[in-house]
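So you can see what is in the structure, the chains are spelled out below.
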Amino acid sequence: MISSRSASTASGSSAFLAGLEQSAMNAILRAAEFRWVPAKHAVTNGGDPATHLFLLQSGRARYCHFTRKGDLILVAPLVPGDVIGLMTLLKSPSSYMATAEAASDCELMVWDRARVRHFVSLYPQLNENGLRIGMGYLRNYIERHVALVTDTATERLAKTLLKLGQQSGEIHSGGIEIRTTNDELSGLADISRFTASRALSEWVRAGTISKKRGRILLHAPEALMLD
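Residues numbered from 1 in each chain as written. Predicted model: local features only at pLDDT ≥ 70, side-chain atom pairs only at ≥ 80, totals over all residues. Heavy atoms only, no water.

**Some details on a nonpolar patch on the surface**
Operational definition: Nonpolar side chains (Val, Leu, Ile, Met, Phe, Trp, Tyr) within 5 Å and like charges within 9 Å form the patches, drawn only from residues with over 30% relative accessible area and no salt bridge. Per-residue and other accessible areas follow the Shrake-Rupley method at a 1.4 Å probe size, with only the shown protein chains counted as cover for residues. Put simply, a salt bridge is a Lys or Arg side-chain nitrogen that is within 4 Å of an Asp or Glu carboxyl oxygen. Strands here mean DSSP runs of E at least two residues long; helices mean DSSP runs of H or I at least four residues long; both are numbered from the N terminus. Categorising residues by exposure relies on relative accessible area from a 1.4 Å probe, with only protein chains included: less than 20% of the type maximum marks a residue as buried, more than 50% marks it as exposed, and the intermediate range marks it as partly exposed.
A cluster of nonpolar residues, Leu-131, Met-135, Leu-138, Tyr-141, Ile-142 and Val-146, forms a patch on the protein surface that exposes about 600 Å² of accessible area. Relative to the assigned elements, Leu-131 resides in helix H4 (residues 125-150). Judged by its relative accessible area of 54%, Leu-131 falls in the exposed class.

Put into structure tokens, the structure is as follows:
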């Protein structure tokens, strides 16, 4: 079971639990089990039966798709408070739509499908929250597709950095720290690794950002904003 301290940390940032009364939230969190997944290991595999719902407690994960050649296509990043396995909310059994992989060591809260369906029947707000989250992914996909058609590679990378800063950036005296890698940025911006590396190096020289392993410090977000 999850401790009350850990549970309150997860619930405070989770859109899936938004709008629930505290008593309902406590009941759901108390029913969760704990799972630790090391970096680069799968939380779920796309196409497998959707048997569990996961709430990311700490660490970073990502939705991704592996091609027949074994190449990884990054679909969306996941940060603490995000959920994996929304298909478990459906009345009829379904499958996971994408692979969820731990980008770093992750701690997750887990419910099996039977418990999820039980709580959905007790608290219909969960269904609405799940739909809202799903629509958010659809909106992000539309924006990403439009950007692929209308924006340059550098513009897409700038937008990706700004969005990651808003979603999961940590504010420091020198700017906004973003935990990411060149590979993740190139995947989310739909550009090559070489193009991403070149643009990032130019921003480093300009003083817009600074870099260290697995982290980018965004000093001047306004320099990346488009007119």
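**Observations regarding the environment of Ser-104**
To keep things clear, this is the line we draw: Whether two residues are in contact is decided by their heavy atoms: any pair within 4.5 Å suffices. Side-chain atoms alone can form a polar contact between residues adjacent in sequence; in general such a contact is a pair of N or O atoms within 3.5 Å, and within protein one must be able to donate a hydrogen while the other accepts it.
Assignment of secondary structure puts Ser-104 in the loop between strand E7 (99-102) and strand E8 (106-112). Separated by 43 residues in sequence, Ser-104 and Ala-61 place their C-alpha atoms 6.7 Å apart. Apart from the residues lying within four places of it in its own chain, the contact partners of Ser-104 are Val-37, Pro-38, Ala-39, Gly-59 and Arg-60. Reaching out from Ser-104, the side chain makes a polar contact with the backbone nitrogen of Arg-60 at a distance of 2.9 Å.

**Observations concerning the pairing of strand E5 (residues 72-78)**
How we decide: Should DSSP find at least two bridges between two strands, the strands are regarded as paired.
With six bridges joining them, strand E4 (residues 61-66) and E5 adopt antiparallel strand pairing. Following the sheet pairing, Ala-61 is matched in E5 by Leu-78. Joining the antiparallel neighbours E4 and E5 is a turn of five residues, in which Gly-70 adopts a positive phi near 90°.

**Side note on the nonpolar core**
We apply this condition: Put simply, buried Ala, Val, Leu, Ile, Met, Phe, Trp, Tyr and Cys residues joined by side-chain atoms within 4.5 Å make one nonpolar core.
Residues Phe-16, Leu-17, Trp-111 and Leu-126 are the most contacted members of the largest nonpolar core, which totals 21 residues. At four residues, helix H2 (residues 22-30) tops the list of elements feeding residues into this core. When near neighbours in sequence (up to four residues on either side) are disregarded, Trp-111 contacts Ile-28, Leu-29, Ala-31, Ala-32, Thr-51, His-52, Leu-53, Leu-55, Val-116 and Phe-119. Judged by nonpolar contacts, the second largest core, of 19 residues, contains Ala-158, Leu-185, Trp-203 and Ile-209.

**Things to note about the sheet that holds strand E6 (residues 83-84)**
Definition in use: Fitting a line to C-alpha atoms yields each axis, with helices limited to the stretch in contact; the angle taken between N-to-C directions then spans 0 to 180 degrees.
On the basis of which strands lie adjacent, the open sheet formed by four strands has the order E1-E8-E3-E6 and antiparallel pairing. In the strand order of this sheet, the two ends are held by strand E1 (33-37) and E6, each with one partner. Pairing analysis gives five bridges linking E1 to E8, with the strands arranged antiparallel. Counted as the bridge partner of Val-37 is Cys-106 from E8. Seen against the sheet, helix H3 (residues 113-122) touches strand E3 (52-58) and E8 and runs at an angle of roughly 70° to E8.

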